[in-house]
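Given next are the chains, with one letter for each unit.
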Amino acid sequence: MLGFLFIIFSAFTHSLWNILLKRAENKYAFNFYMHFANILFFTAIYPIVFPEYLYFEKGVVITAFIASIFFSTYHILVSSAYKYSDVSMVYPLTTASPFFIVIWAVIFLKEHLTVMGLSGIILTVLGTAVLNRTKGKWGEFGKGAAFALAAAFFYSFGALMDKKGVSGANFILYVYSMSLFMTMFIFVYSIRSGEITFNYVKKDKWWVIFAGLVVFGSFISYRYGLNMVNLSYASALRQVSSLFGAVMGIIFFKEKLTVYKVLGTLIIMAGIMFIKIGM
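Residues numbered from 1 in each chain as written. Predicted model: local features only at pLDDT ≥ 70, side-chain atom pairs only at ≥ 80, totals over all residues. Heavy atoms only, no water.

Engineer: How do you make sense of the environment of Met182 when you look at a structure like this?
Structural biologist: Within the secondary structure, Met182 is located in helix H8 (residues 171-190). Measuring from C-alpha to C-alpha, the distance between Met182 and His35 comes to 8.1 Å, with 147 residues separating the pair along the chain. (Helix = DSSP H or I, 4+ residues; strand = E, 2+ residues; numbered from the N terminus.)

Engineer: Please explain the pattern of salt bridges as it appears in this structure.
Structural biologist: Opposite charge on two side chains permits them to pair, given that their charged atoms come into close proximity. This structure, assessed with the given rule, holds 1 salt bridge. Its salt-bridge partner being Arg223, residue Asp162 comes within 2.7 Å of it at the nearest N-O pair. Of this pair, Asp162 sits in helix H7 (residues 143-166) while Arg223 is found in helix H9 (residues 205-226), placing the two residues 61 residues apart along the sequence. (Salt bridge = Lys/Arg side-chain N within 4 Å of Asp/Glu carboxyl O.)

Engineer: What's the story with the packing of aromatic side chains in this structure? I'm lost.
Structural biologist: In this structure the tally under the stated criterion is 27 aromatic pairs. An angle of 70° between the planes, with centres 4.9 Å apart, marks the rings of Phe32 and Tyr33 as edge-to-face. Both residues of the pair, Phe32 and Tyr33, belong to the buried class. An angle of 80° between the planes, with centres 5.1 Å apart, marks the rings of Phe41 and Phe216 as edge-to-face. Of this pair, Phe41 sits in helix H2 (residues 27-49) while Phe216 is found in helix H9, placing the two residues 175 residues apart along the sequence. Linked through ring pairs, Phe70, Phe100, Trp104, Phe108, Phe153, Phe154 and Phe157 together constitute an aromatic cluster. Over the aromatic face of Tyr222 sits the side chain of Arg238, whose NZ or CZ is 4.5 Å from the ring centroid. (Phe/Tyr/Trp six-rings, centres within 6.5 Å; stacked < 30°, edge-to-face > 60°. Buried < 20%, exposed > 50% of the residue type's maximum accessible area, 1.4 Å probe, protein only. Lys NZ or Arg CZ within 6 Å of the ring centre and 35° of its normal.)

Engineer: Would you mind showing me how to read the side chain of Asp162 here?
Structural biologist: The class of Asp162 is buried, set by a relative accessible area of 1%. When sequence neighbours within four positions are dropped, the list of residues in contact with Asp162 reads Phe71, Tyr174, Met178, Tyr222, Arg223 and Leu226. (Contact = heavy atoms within 4.5 Å.)

Engineer: Help me understand the packing of helix H5 (residues 97-108) against H7 in this model?
Structural biologist: Put simply, H5 and H7 touch, their axes get as near as 8 Å, and they point 40° apart. The element H5 and its partner H7 pack so that their crossing is right-handed. Along the contact surface, H5 presents Ser97, Phe100, Ile101, Trp104 and Phe108, while H7 presents Leu149, Ala152, Phe153, Tyr155, Ser156, Phe157, Ala159 and Leu160. Among the residues forming the contact of H5 with H7, the class breakdown is 11 nonpolar, 2 polar and no charged. (Axes fitted to C-alpha atoms, helices over the stretch in contact; angles between N-to-C directions. Left-handed = near helix turned anticlockwise from the far one by under 90°. Nonpolar A, V, L, I, M, F, W, Y, C, P; charged D, E, K, R; others polar.)

Engineer: Sorry if this is basic, but what is going on with the side chain of Glu111 here?
Structural biologist: Inspection of the secondary structure puts Glu111 in the loop between H5 and helix H6 (115-131). Despite its burial, Glu111 pairs with no opposite charge; the closest candidate is Lys163, at 5.0 Å N-O. At 2.7 Å, the side chain of Glu111 forms a polar contact with the backbone nitrogen of Leu231. Those residues in contact with Glu111 that lie beyond four places of it in its chain are Ala105, Val106, Lys163, Asn230, Leu231 and Ser232. (Lys, Arg positive; Asp, Glu negative; His and termini not counted. Polar contact = N/O pair within 3.5 Å; in protein donor to acceptor, adjacent residues only side chain to side chain.)

Engineer: Can you walk me through the nonpolar core in this structure?
Structural biologist: The nonpolar side chains of soluble globular proteins are, as a tendency, buried together. Phe30, Phe42, Tyr46, Ile172 and Tyr174 are the most contacted members of the largest nonpolar core, which totals 71 residues. Take this core: its biggest share by element is 10 residues, from H8. Each residue touching Ile172, except ones within four places of it in the same chain, is listed here: Phe42, Tyr46, Phe50, Tyr53, Ile220 and Tyr224. (Core = buried A, V, L, I, M, F, W, Y, C linked by side-chain atoms within 4.5 Å.)

Engineer: Sorry if this is basic, but what is going on with the packing of H7 against H8 here?
Structural biologist: A packed helix pair is summarised by two numbers, namely the angle formed by the two axes and the spacing between the axes. Close contact between H7 and H8 brings their axes to 8 Å; oriented N to C, the two are set at 140°. Considering their axes alone, H7 and H8 lie oblique with respect to each other. Side by side, H7 and H8 meet where Met161, Asp162, Gly165 and Val166 of the first sit next to Phe171, Tyr174 and Met178 of the second. Here the residues of the contact of H7 with H8 are counted per class, giving 5 nonpolar, 1 polar and 1 charged. (Parallel < 35°, antiparallel > 145°, perpendicular 65-115°, else oblique.)

Engineer: It is not clear to me how a nonpolar patch on the surface should be interpreted in this structure. Could you clarify?
Structural biologist: Among the surface-exposed residues, Phe41, Trp206, Ile209 and Leu213 lie close enough to one another that they form a single nonpolar patch of about 410 Å² accessible area. In terms of residues, the nonpolar patch owes the most to one element, H9, which gives 3 residues. Among the residues examined, Trp206 registers a relative accessible area of 64% and is labelled exposed. (Patch = residues over 30% accessible without salt bridge, like charges linked within 9 Å, V, L, I, M, F, W, Y side chains within 5 Å. Areas by Shrake-Rupley, 256 points an atom, 1.4 Å probe, with all protein chains shown as cover.)

Engineer: How should the environment of Leu109 be read in this particular structure?
Structural biologist: Within the secondary structure, Leu109 sits in the loop between H5 and H6. What makes Leu109 partly exposed here is its relative accessible area of 33%. Put simply, Leu109 and Leu160 are 51 residues apart on the chain and 8.6 Å apart in space, counted from C-alpha to C-alpha. Beyond its immediate sequence surroundings of up to four residues, Leu109 is in contact with Trp104, Leu160, Lys163 and Leu231.

The structure is reproduced here in structure tokens:
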């Protein structure tokens, strides 16, 4: 039960920092400084809050580095997909990662899924796709769709490395190293825009700091939960962030409550119930 709650909380914080990023004027700068604030906060509290994990483990750091490469590639592929297709087409395809993850988890991690749990995974992914549906066309397959599916594919391998990282003795070092590498990769990728000087986020500095704390909460809570829950279930439950994001969008951005959002919400809630029963 505790692992289940950690995953749900991580989904909420994940959607929250995405909302904060969405409201920022300069998203490149905000994204980098948000992650930079996260790593500064993590560095400051590491020896105080996690002193028992204050030792080096080469294998854990290597795993974190590999996971960061997969996750960074995912972000780049998603960005590329948005250049060719609309959000309504791309986002539902990127949520296909749990299907790949189920395959890898069964093959490499020898996870055993119940019929109820597998049904919950399918419902959660389906609900996420419906929730993000707009009046755009479905069924088209072009460069955007190809990039989106590739993103989901690469994310699934990052998730596999995630499970390996948190299963080790020093999983806090894993989360810290992954956060550090992700920040470095975001800096290298974003610096090309020429818009990551602090002046671009100076007026939003308190929001940046708050977002950094939210990112920390999202990263650490998900990995705590992943330590207690099968990867297949955890990855599907994380899709609930779309539900939280939709609710926040309606509250803070006055987005419309559509039939798709209501239907998607109901399907996701059913999926969550199935996963909880099947765990």
